[in-house]
Amino acid sequence: PAVWQHTVFLVMYDENDGYFDHMVPPTPEAGTPEEFTQGRAIGLGNRVPLWVASPWSRGGWVNSQVFDHTSVLRFMEQVTGVAEPNISAWRRAVCGDLTSCFDFAAPDHSIPQLPDTVALMARSDAAAKLPGVALPATGTQSMPVQEPGERPHRHLPYQPWADIEVDRKTGKVTCTLSNDGTVAFPYTVYPNIVLPFAGTPYTVAPGATAAYVWDAAATHGRYDFTVHGPDGFVRRFAGTVVRNGQDGQNDIGVPIVTADLSNSSRLTLQLVNDGLTDVGFTAAPNDFAGTAQTVWVKPGKQVNLAWPLDKQGRYDVVVTAGTGLRFTQRYAGWVH
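Novice: Explain the sheet that holds strand β12 (residues 255-260) to me, using residue names and the numbers behind them.
Specialist: Through backbone hydrogen bonds, the strands of a sheet pair up, either in parallel or in antiparallel fashion. The 3 strands lie next to each other as β12-β13-β16, forming an open sheet whose pairing is antiparallel. The sheet is open, and its two borders are formed by β12 and β16 (302-308), each paired with just one other strand. Sheet twist, expressed as the mean angle between neighbouring strand axes with direction ignored, is 25°. Both β12 and strand β13 (residues 266-273) contribute to a ladder of 6 bridges, which runs antiparallel. Pairing of Pro255 across the sheet is with Asn273, part of β13.

Written out as structure tokens, the structure is:
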């Protein structure tokens, strides 16, 4: 009991080289000091499990902040006051120091119920005598099922945002990546057409912004790209730029969607029609809260649609418009 009152136990292990991970790890921008060798980025790598056992982390919490192996060293910096000189500035900016895993104001020093180790050892010994595992017959396997229920989620220092502006004169689509959080936020932008899988990384410091520009004039007016970040942050922007002044192209509906989170209890979708015929916008939940609905917007008008967050502050909504312009925008994330 005396040891438990001042112990943090960290367990990390390699889970088959990240084969089960669906998230692409953050990557530093080209030329980032101490993060490249022979022109290639050193990391980060695919995620592996991290378990934290301590009186300050009990309760089955989940933490979605970006960490890496240097996060353990930085946690030791906090505990001992001794600085580690070999961690790059980029890694310190992007990776946390594990302190967000803990609630130091409300520890639980009681001793958790532990299993009978004698029984566990007996089961382990007995397993050595079991017959070999037979391969299942073709067609008899089934996909695993997600464990039901939800885990509580630690509040994180993230406040990312990304939205676009379409310049109908030049054909340029500008996506502004902003960060209102207290730590750096790593974005990766993937073009879904032309050069799929060719991700462009952006590390945005607290209070700063970055811009990704798509020249739709070079892709016959089309644009389609997705923005990824930690903690379930996703944006997708797809459509066709309707150029101003071109014969016949103004005589259609031109959908424009931007989103706003100034009210932390909901997402506000701003639906604008910049064309000359009515536009029907359909907002549908990809996950979490909300119900599908269609809103018609007249030429030159704007309608605001309030989209709910779930009880943990998550949202994931896809907005489409039936104008024949392949218009799709997805907003997904988490409000802490």
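And the narrative resumes.
Novice: Describe in detail unusual backbone geometry, supporting the description with residues and values.
Specialist: Excluding glycine, most residues fall at negative phi; most peptide bonds, likewise, are trans. Of note, the bond from Gly43 into Leu44 is cis; its omega dihedral lies within 30 degrees of zero at 5°. One non-glycine residue, Val194, lies in positive phi territory at about 75°. Looking at the secondary structure, you find Val194 in the loop between β7 (185-191) and β8 (200-204).

Novice: Before we move on, could you go through helix α1 (residues 69-80) and cite the residues and values that matter?
Specialist: End to end, α1 covers 17 Å across 12 residues, agreeing with the expected 16 Å (1.5 Å per residue, within 8%). Taken as a whole, α1 has its buried residues at Thr70, Ser71, Arg74, Phe75 and Glu77. The buried residues of α1 occupy an angular sector of 150° when the element is viewed end-on, so they sit on one face. Residues His69 and Val79 are exposed on α1 and point more than 90 degrees away from its buried face. In this fold, the buried residues of α1 make contact with α2 (89-94). Looking one or two places after α1, you find Gly81, whose phi comes out positive at around 80°.

Novice: If you had to explain the nonpolar core to someone new, which residues and values would you point to?
Specialist: With 49 residues, the main nonpolar core has Phe225, Leu267 and Leu269 as its most contacted residues. It is strand β17 (residues 314-321) that provides the largest number of residues to this core, a total of 4 residues. Sequence-distant contacts of Leu269, defined by excluding residues within four places in its chain, comprise Thr258, Ala259, Ala283, Val303, Asn304, Leu305, Trp307, Val317, Val319 and Tyr331. Of all hydrophobic cores here, the second largest spans 5 residues; its members include Trp56, Phe75, Leu98 and Phe102.

Novice: Break down the layout of surface pockets for me, citing the residues and quoting the values.
Specialist: Quantified by volume, the second largest pocket comes out at close to 290 Å³. Looking at the second largest pocket, it is lined by 17 residues, and the ones nearest its centre are Gln159, Pro160, Trp161, Leu261 and Val335. For the lining of the second largest pocket, the elements supplying multiple residues, two or more each, are β5 (160-166) and β18 (327-334). Residues that form the lining of the second largest pocket fall into these classes: 10 nonpolar, 5 polar and 2 charged.

Novice: Kindly report on the sheet that holds strand β6 (residues 172-179), identifying the contributing residues and their values.
Specialist: On the basis of which strands lie adjacent, the open sheet formed by 3 strands has the order β5-β6-β9 and antiparallel pairing. A strand with exactly one partner marks an edge of an open sheet, and here the two such strands are β5 and β9 (209-215). Adjacent strand axes in the sheet meet at a mean angle of 20°, parallel and antiparallel pairs treated alike. Bridge count for β6 against β9 is 7 bridges, and the pairing is antiparallel.

Rules used in this analysis
- Residues numbered from 1 in each chain as written.
- Predicted model: local features only at pLDDT ≥ 70, side-chain atom pairs only at ≥ 80, totals over all residues.
- Heavy atoms only, no water.
- Pairing = 2+ DSSP bridges.
- Helix = DSSP H or I, 4+ residues; strand = E, 2+ residues; numbered from the N terminus.
- Axes fitted to C-alpha atoms, helices over the stretch in contact; angles between N-to-C directions.
- Expected span 1.5 Å × (residues − 1).
- Buried < 20%, exposed > 50% of the residue type's maximum accessible area, 1.4 Å probe, protein only.
- Arc of directions from axis to C-beta.
- Contact = heavy atoms within 4.5 Å.
- Core = buried A, V, L, I, M, F, W, Y, C linked by side-chain atoms within 4.5 Å.
- 1 Å grid on protein atoms, 1.4 Å probe; cavity = no way out; pocket = protein on both sides within 12 Å on 5 of 7 lines; lining within 4 Å.
- Points joined across faces, edges and corners; volume = space filled by probe spheres on them.
- Nonpolar A, V, L, I, M, F, W, Y, C, P; charged D, E, K, R; others polar.

Shape descriptors only; they carry no functional weight alone.
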